[in-house]
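Listed here are the chains, written in short residue letters.
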Amino acid sequence: MTSIDLGERDLFGWHEALAKGDVHPAELVQASLDRIAAVDEQVHAFLTVTRKEALQEAEQVDVTLSPLAGIPAAIKDNICTQNVPTTCASRMLHNFRPPYDATVIQRLRTAGAIAVGKTNMDEFAMGSSTEHSAFGVTRNPWDLGRVPGGSSGGSAAAVAAGEVPYALGSDTGGSIRQPAAYCGVVGLKPTYGRVSRYGLVAFASSLDQIGPITRTVAESALVMNAISGVDLHDSTSAPVEVPDFTATLTGEVRGLRIGIISEYMGEGIDPSVRQAVQQAIQTFERLGAEIVEVHLPTTKHALAVYYLIAPAEASSNLARYDGVRYGYRTPQAKSVVEMYKQTRDEGFGTEVKRRILLGTYVLSAGYYDAYYKRALQVRALMKQDFDRAFEHCDVLLSPTTPTPAFAFGEKTADPVTMYLNDLCTIPANLVGIPALSVPCGFTPEGLPIGLQLMAKAFDEATLFRAGDAYERAAGFTGRLPELAA
Ligand code: GLN
């Protein structure tokens with residue numbers, strides 16, 4: 001057992017220690033591997049641990065490359081890693097080893113970061129609890145009887161369990177922010193176009209974004225410095241300048257106009273969540289921010305719109321899994337048509353099939369105008385709502401989730417109750433703006449609660465400034481649960 005505890009310092013602290021030569025990258029990687037060995041049997045955050053590769057990289061890495069150099073990280077299993085399994089937690093891709101790295105992986109490599117493994121998730125990122133993984137559930141480190149959230153449940157749990165200082169996730173309707181909230185860590189969904197999705201296995205292409213899960217806001221900013229920016233391999237990545245996100249963390253929010261979304265402070269929000277968020281609003285007031293009330297009337301349609309658009313795009317994106325070129329193929333088909341059918345029937349889980357059926361239905365002739373096209377129209381109205389709101393404020397505030405982490409099995413019987421989890425997170429994806437979840441307290445049972453902040457497109461800097469000022473004043477971030485090793 002090594003003597004290093006990864007929880008002792010943040011990324012800035014580890015960088016300093018590495019730069020001074022007080023610790024060696026191999027010690028940090030070993031500390032991560034040891035922690036995984038000690039707790040991951042309980043938590044099951046990882047699907048693959050790349051022990052050998054990580055230790056090898058640690059021996060060779062130049063710690064002066066960047067602030068992330070020589071520091072371990074975990075990667076959600078829908079982000080392509082060359083020659084390393086990328087399963088999307090699906091039987092369909094159980095044997096898939098991508099021939100290339102996603103752009104975010106290339107960028108982390110260039111920065112000298114070291115991936116120690118791939119994390120569990122809901123199959124193809126469809127879900128809010130990581131219960132839809134084909135390879136077993138991930139447990140919430142704060143309460144092993146509860147879900148870590150999803151779909152990036154493994155990434156959030158890995159950070160909360162102290163297995164890695166940070167992880168990458170993906171967020172289509174809340175999959176970074178919701179698990180971050182449930183696990184008491186920080187999650188950012190960047191602006192649509194801010195981070196390249198080249199090498200991210202597509203779920204819903206007009207909504208998907210990759211982003212960091214960290215223990216603090218400042219660390220989120222640091223990781224964003226490494227992964228942001230235009231990429232020729234992804235035509236949806238935006239040629240927008242990337243500022244040094246850490247330079248904007250002044251701790252100052254005096255005069256910042258914060259809009260409280262009234263639709264998300266009432267019905268359907270658990271009282272403990274509402275109370276914690278109300279306290280957060282007071283904290284912002286104390287810090288000198290200006291609090292304004294905001295109405296977003298079309299947000300009541302957000303869930304309906306999302307569950308038309310996301311399955312529609314998914315049904316198209318997932319058509320490629322046909323057993324022909326890669327991934328799972330049924331061993332016993334008599335004709336090619338039977339092969340397609342059997343492969344997809346055996347390779348996909350129930351939730352993925354439900355989305356494909358829904359999506360195929362809403363795109364089919366005769367229903368397209370009634371459902372899909374209508375959803376696009378409402379999406380455009382939602383965008384107008386948000387544009388109007390941002391005329392009066394710089395940041396929007398709401399809970400990240402209506403409730404804290406729920407127990408296993410509590411919502412699997414009824415998909416709609418599971419979908420309701422995404423109430424507050426989905427709008428940011430539909431309108432393409434950045435959104436951050438920051439810990440804002442605990443329930444009486446000791447479960448973490450998340451505060452969501454949203455800003456205008458490409459204004460992650462303001463989001464980080466507000467989130468960082470809040471977490472310094474509130475003091476809920478950076479805490480890790482006690483987990484018997
Ligand atoms: N929970 C949402 C869903 O099931 C969002 C998933 C995500 O963001 N990947 O679609």
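## A word on the pairing of strand β11 (residues 448-455)
β11 sits mainly inside the fold: eight of its eight residues count as buried. Along β11, one buried face is formed by Pro448, Gly450, Gln452 and Met454 and the opposite face, lined by Ile449, Leu451, Leu453 and Ala455, is buried too. In the sheet, strand β9 (residues 395-399) pairs with β11 via five bridges, with the strands oriented antiparallel. Within β11, the residue paired with serine 398 across the bridge is glutamine 452. The hairpin formed by strand β10 (residues 435-442) and β11 contains five residues between the paired strands, and glycine 446 there has a positive phi angle of roughly 90°.

## What about the state of the cysteines?
For the structure shown, the criterion picks out zero disulfides. Free cysteine: cysteine 183, not disulfide-bonded; nearest cysteine sulfur from cysteine 440 at 15 Å. With a relative accessible area of 1%, cysteine 183 lands in the buried category.

## Let's talk about the sheet that holds β11
Neighbouring strands of a sheet are bound in pairs by backbone hydrogen bonds; such pairs are parallel or else antiparallel. If you walk across this open sheet you meet the 11 strands as β1-β3-β2-β4-β6-β5-β10-β11-β9-β7-β8, and the pairing is mixed. With partners counted over all chains shown, the strands left at the sheet margins are β1 (46-49) and β8 (290-294), one partner each. When strand polarity is set aside, the average angle formed by the axes of neighbouring strands in this sheet is 30°. Alignment of β1 against strand β3 (residues 114-119), held across three bridges, turns out to be antiparallel. Among the inter-strand pairings, valine 49 is bridged to a residue of β3, identified as glycine 117.

## Side note on the site of the ligand
For the ligand, the set of nearby residues contains 15 residues, the closest of which are Thr172, Gly173, Ser175, Tyr306 and Arg355. Separating a nitrogen atom of the ligand from a side-chain N or O atom of serine 151 is a distance of 3.5 Å. For the ligand, an oxygen atom lies 3.4 Å from a polar atom in the side chain of tyrosine 307. Here the ligand has 290 Å² of accessible area as a free molecule, and 100% of this is covered by the chains. Most atoms of the ligand, that is more than half of them, are within 2 Å of grid points of the largest cavity. In terms of residue class, the shell around the ligand is made up of five nonpolar, seven polar and three charged.

Cut-off values and rules
- Residues numbered from 1 in each chain as written.
- Predicted model: local features only at pLDDT ≥ 70, side-chain atom pairs only at ≥ 80, totals over all residues.
- Heavy atoms only, no water.
- Buried < 20%, exposed > 50% of the residue type's maximum accessible area, 1.4 Å probe, protein only.
- Helix = DSSP H or I, 4+ residues; strand = E, 2+ residues; numbered from the N terminus.
- Pairing = 2+ DSSP bridges.
- Disulfide = S-S within 2.5 Å.
- Axes fitted to C-alpha atoms, helices over the stretch in contact; angles between N-to-C directions.
- Near = heavy atom within 4 Å.
- Polar contact = N/O pair within 3.5 Å; in protein donor to acceptor, adjacent residues only side chain to side chain.
- Areas by Shrake-Rupley, 256 points an atom, 1.4 Å probe, with all protein chains shown as cover.
- 1 Å grid on protein atoms, 1.4 Å probe; cavity = no way out; pocket = protein on both sides within 12 Å on 5 of 7 lines; lining within 4 Å.
- Sits in = over half its atoms within 2 Å of the grid points.
- Nonpolar A, V, L, I, M, F, W, Y, C, P; charged D, E, K, R; others polar.

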